[in-house]
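Structural features, examined
Each chain is listed here by its residues.
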Amino acid sequence: MAKQWEEMTPAEKRADLCDKWLNPPGAKFDSPQAEKDYKGRVQRFLDALTMKKPDRVPVFPMQGFFGAYYGGYTPYEVMYDYDKLMESFTKMIVECAPDAHSSVTGAPPGTVYDTLDYKLYSWPGHGVPKNASYQAREGEYMKANEYDALIADPTNFFLTTWLPRIMGKVEGLSSLTPFTNMTEMYGGFTAAAFVPFGTPPVQEALKAMMKAGDEALKWIMTVAAYGAKMTSLGFPAFFGGGSKAPFDTIGDTLRGTKGMILDMYRHPDKIIRACEQFVPIMIKMGVDNAKLNGCPVVFLPLHKGADGFMNDQQFKKFYWPTLKAVFEGLIAEGCIPFPWAEGGYDSRLDVIKDSPYGVFWGFDKVDMARAKKVLSGKCAIGGNVPISVLAVGTKDDVIAEVKKQLKISAADGGYIMMTGATMEDIPPVNVKAMINSCKEYGVY
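A brief report on the enclosed structure follows. Every chain is numbered independently, its residues counted from 1 as its sequence is written. Totals for whole chains, interfaces and linings use all residues, but because this is a predicted model, local features are given only for residues with pLDDT of at least 70 and pairs of side-chain atoms are given and counted only at 80 or more. The side-chain numbers reported here are obtained from all heavy atoms of the structure, hydrogens and water having been left aside.

Thoughts on the pairing of strand S7 (residues 360-365)
Relative accessible area decides the class of each residue, using a 1.4 Å probe on protein chains only: under 20% of the type maximum gives buried, over 50% gives exposed, and in between gives partly exposed. The way it works is that DSSP assigns letters per residue, a run of H or I at least four long becomes a helix, a run of E at least two long becomes a strand, and they are numbered from the N terminus. S7 sits mainly inside the fold: five of its six residues count as buried. Pairing between two strands is assigned when DSSP locates at least 2 bridges connecting them. Pairing geometry for strand S6 (residues 336-344) and S7, over three bridges, is parallel. Bridge pairing links Ala 341 to Phe 363 in S7. Judged from the four bridges that link them, S7 and strand S8 (residues 380-383) form a sheet pairing that is parallel. Bridge pairing links Phe 363 to Gly 383 in S8. Handedness rule for crossovers: strands pointing away from the viewer, path from the first strand over the helix to the second running clockwise, crossover right-handed. On the question of chirality, the crossover connecting S7 to the parallel S8 by way of helix H16 (residues 368-375) is right-handed.

Have a look at this one:
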């Protein structure tokens, strides 16, 4: 009898997830060659991620809205027309042929945002031009005096405080009482908990959420169909789940940059306690999706840990301890953490050298020779191909950059060729030059 997940060791969980990535259950390949290509690509990543030498360096440009532009569409069009989303991103992968895709979840459904009156972002056609990518709209969506409420019950805080502030159509949720009140399952306690659901504001909020849910289901069916199509053609997804650094969870969309800077001086203990509260939540988020998608790699975009946002002592105090705890929790559940260090990370290398064994570090701007040395034997690395070279350089500039990165980082294995940032409106000739030159010059 097969072991249940809870009975497995971390190594057994890792083996299970890797096997599902390599041999996706129920997959239907278009041809024997597509199946061979798929398994060869996954094995190439697995070798690199475990610091071995694959047949060659895997190449995986972070795609952003590049698929839309490549297919001749604007970001606005693919956010509102899922057929165009499927068509354009499929065309991009097939014709550029990287070693993996990054799904189409980076092109969210605009109609859902419209339905909910989403305030956290500006998106194509709604705050930014239709031919531009979406942009975060920072603000204090959590007040400085609300840390205790967040720490005491994160779910209730998100449901009744945060969501009503970032979605205009669900403001009625602010009148809900904690669902834990229903633990008193006698007398009038249970009935009283349902009273808010009878009020017009809550009912309007629920109607908006149901309408958004209908649209989200249509979109996720496209996401699933795209993933199945890519597998059938021989292209794996590179990551199966996503999570965040606890500090970023609070700093990005709750307190905002200004709020977090002030809080590090005014409410340091509150930040630390709130970050600790988010550790198991962030672990579960990553693990659940990795298991659902059958891929061990969990993507963690890192934002406020970059050089210049905080000094080294603050990084060690506020950012690193709970991020490392998330890494450890993901690894214990068989996952491969993939922190993507956006911005500069040179001043952080002496701290992140204490990463648990098996983390894959993707870099945007860092001294890769030093990163390779500091993390050698413990963590695979990737990235550092400047998006600026791809955006405004020539084809020859791109090839020279690829050769440079290979020389610095690829000698002993454990390296994945990646862009330092997501690609948007990039000349296709440069993207193809990056991919093809890595395939040519990255052979071991």
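This is not the end of the story, as more comes after the structure.
Concerning the pairing of strand S1 (residues 121-124)
Regular strands place side chains that alternate from one sheet face to the opposite one. Pairing geometry for S1 and strand S3 (residues 135-136), over two bridges, is antiparallel. Looking at the pairing, Ser 122 lines up with Gln 135 of S3. The pairing of S1 with strand S2 (residues 127-128) spans two bridges and is classified as parallel. Following the sheet pairing, Trp 123 is matched in S2 by Gly 127.

A word on the sheet that holds strand S5 (residues 297-302)
Spatial strand order, S4-S5-S6-S7-S8-S9: six strands in an open sheet with parallel pairing. Every interior strand has two partners, whereas the edge strands, strand S4 (241-242) and strand S9 (415-416), have only one.

Describing helix H5 (residues 82-96)
Working rule for helices: expected span equals 1.5 Å times residues minus one. Look at H5: 21 Å from first C-alpha to last across 15 residues, which is about the 21 Å you get at 1.5 Å a residue. Within the span of H5, buried status applies to Tyr 82, Leu 85, Ser 88, Phe 89, Thr 90, Met 92, Ile 93 and Cys 96. By the convention used here, residues are in contact when the closest approach between their heavy atoms is within 4.5 Å. On its buried face, H5 sits against helix H3 (66-70), helix H4 (75-80), helix H10 (200-233) and helix H19 (428-441). Any pair of N or O atoms that falls within 3.5 Å is considered a polar contact. Within protein, one atom must be able to donate a hydrogen and the other to accept it, and sequence-neighbouring residues count only if both atoms are side-chain atoms. The N-capping residue of H5, defined by a side-chain oxygen 3.1 Å from the backbone nitrogen of Asp 83, is Asp 81. Ala 97 sits one or two residues past H5 and shows a positive phi near 55 degrees.

Brief notes about the pattern of salt bridges
Any Lys or Arg side-chain nitrogen found within 4 Å of a carboxyl oxygen on Asp or Glu counts as a salt bridge. For the coordinates displayed, the defined rule picks out 24 salt bridges. Between Lys 3 and Glu 12 there is a salt bridge; the shortest N-O distance is 3.1 Å. Taking relative accessible area as the criterion, Glu 12 reaches 30% and is therefore assigned partly exposed. Note that Arg 255 and Glu 140 form a salt bridge whose closest N and O atoms lie 2.4 Å from each other. Here Arg 255 is found in the loop between helix H11 (246-253) and helix H12 (256-266), whereas its partner Glu 140 is found in the loop between S3 and helix H7 (147-152), with 115 residues between them in sequence. We classify Glu 140 as partly exposed; its relative accessible area is 42%. The network of salt bridges with shared partners includes Arg 41, Arg 44, Asp 55, Arg 56 and Asp 99.

Remarks on the packing of aromatic side chains
Pairing of aromatic rings covers Phe, Tyr and Trp, the last through its six-membered ring, and needs centres within 6.5 Å; plane angles under 30 degrees mean stacked, over 60 mean edge-to-face, and all others mean tilted. Using the criterion set out here, one finds 35 aromatic pairs in the structure. Charges are assigned to positions over rings by a cutoff of 6 Å between ring centre and Lys NZ or Arg CZ, combined with an angular limit of 35 degrees from the ring normal. A cation sits over an aromatic face here: Lys 130 above Tyr 76, 4.3 Å from the ring centre. The ring of Tyr 441 has Lys 403 lying over it, and the distance from NZ or CZ to the ring centre is 4.5 Å.

Quick look at the environment of Arg 348
With respect to the secondary-structure elements, Arg 348 resides in the loop between S6 and helix H15 (349-352). By relative accessible area, Arg 348 is classed as buried at 0%. When the C-alpha positions of Arg 348 and Trp 320 are compared, they lie 9.6 Å apart, and in sequence the two are 28 residues distant. Beyond its immediate stretch of four places on either side in the chain, Arg 348 contacts Gly 305, Ala 306, Asp 307, Gly 308, Met 310, Asn 311, Asp 312 and Phe 315.

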